[in-house]
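# Observations on the three-dimensional arrangement
In case you want the letters, here they are:
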Amino acid sequence: MDYTEEQHSLDVFWMQHALDLANRAESEGEVPVGAVVVLNDEIVGEGWNRPIIDNDPTAHAEIMALRSAAKKLNNYRLLDTTLYVTLEPCIMCSGAIIHSRVKRVVYGAQDPKAGAVNSAFTILGTDCLNHKVNVDSGTMAEECGQVLTEFFKNKRQEKKRKI
């Protein structure tokens, strides 16, 4: 796919929405990651990190958004959708993205320790699986990364104050 200025503008628009969801996660005490599933320029699913609140280790933003989209579309296959997420998906989320047949993933900040798209692993680009996902990385990377950096900086400061 040729990456046009129009596509970039759309990616920024949807990533801003994902960032708003990341802020919601942070307001709930969760790691600030947000995700949006878009089909034909319309939100069909959205989610934000909820593993602490839900006591569910699988409640990552991407999983929540995929579940929401599948319910709305009444189909576990999310063909022709784009998933926007503020942080590079992990192994679990990358597997769910493949199984749901998401067409394209756009993510903001890289995750050097656990990212499974381009960083620690390259699951979405492997030739070993029956579905390939188009990936565009780095959309609003600085803004997405800053939210996470500030969150963990504040957590470390809180921990020091408690000691």
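The structure under discussion appears in the preceding block.
Residues numbered from 1 in each chain as written. Predicted model: local features only at pLDDT ≥ 70, side-chain atom pairs only at ≥ 80, totals over all residues. Heavy atoms only, no water.

## Examining the pattern of salt bridges
Note the following rule: Each reported salt bridge corresponds to a side-chain nitrogen of Lys or Arg within 4 Å of a carboxyl oxygen of Asp or Glu. Think of it in three bands: residues with accessible area under 20% of the maximum for their type are buried, residues over 50% are exposed, and the middle band is partly exposed, with areas taken using a 1.4 Å probe on protein chains only.
Scanning the entire structure with this criterion turns up eight salt bridges. A salt bridge links Arg-24 to Glu-28; the shortest N-O distance between them is 3.6 Å. For Arg-24, a relative accessible area of 41% translates into the label partly exposed. What emerges from the salt-bridge pattern is a single network uniting Arg-24, Glu-28, Arg-50 and Asp-54.

## Details of the nonpolar core
Which entries qualify depends on this criterion: Buried Ala, Val, Leu, Ile, Met, Phe, Trp, Tyr and Cys residues that are joined via side-chain atoms within 4.5 Å together make up what is termed a nonpolar core. A helix here means a DSSP run of H or I that spans at least four residues, while a strand means a run of E at least two residues long, and both kinds are numbered starting from the N terminus. Only heavy atoms matter for contacts: two residues are in contact if any of them lie within 4.5 Å across the pair.
If you look at the biggest cluster of nonpolar residues, it comprises 37 residues, and the most contacted ones within it are Val-37, Leu-83, Ile-97, Val-102, Val-105 and Leu-124. Taken together, the elements giving at least two residues each to this core come down to α1 (5-27), β1 (34-39), β2 (42-48), α3 (61-73), β3 (82-87), α4 (91-100), β4 (104-109) and α5 (141-162). Residue contributions to this core peak at six residues, all from α1. In this view, Val-102 contacts Leu-66, Leu-78, Thr-81, Leu-83, Ile-97, His-131 and Val-133; residues no more than four positions away in its chain are not counted.

## Let's talk about the packing of α1 against α5
Stated formally: Working convention: axes come from line fits to C-alpha atoms, limited for helices to the stretch in contact. Angles between N-to-C directions cover 0 to 180 degrees. Note that the term roughly parallel is reserved for angles under 35 degrees, roughly antiparallel for angles over 145, roughly perpendicular for angles of 65 to 115, and oblique for everything else. Amino acids outside the nonpolar list (Ala, Val, Leu, Ile, Met, Phe, Trp, Tyr, Cys, Pro) and the charged list (Asp, Glu, Lys, Arg) are all regarded as polar, and Gly is one of them.
Interaxial distance between α1 and α5 falls to 10 Å at its minimum, and their mutual angle equals 10°. Of the possible angle classes, the one that applies to α1 and α5 is roughly parallel. The segment α1 lies against α5, with Met-15, Leu-19, Asn-23 and Glu-26 engaging Glu-143, Cys-144, Val-147 and Phe-151. Residue composition of the contact of α1 with α5, grouped by class: five nonpolar, one polar and two charged.

## Side note on the pairing of β4
Threshold: A pair of strands counts as paired when DSSP detects no fewer than two bridges linking them.
Among the six residues in β4, six count as buried, and that is most of the element. Sheet topology places β3 next to β4; five bridges connect them, and they run parallel. The partner of Thr-82 across the bridge, within β4, is Arg-104.

## Examining the environment of Ala-65
Its location among the elements puts Ala-65 in helix α3. In contact with Ala-65, other than residues within four places in its own chain, are Ala-35, Val-36, Val-37, Gly-45, Glu-46, Gly-47 and Leu-83.

Remember that the coordinates give geometry; whether it matters functionally is a separate question.
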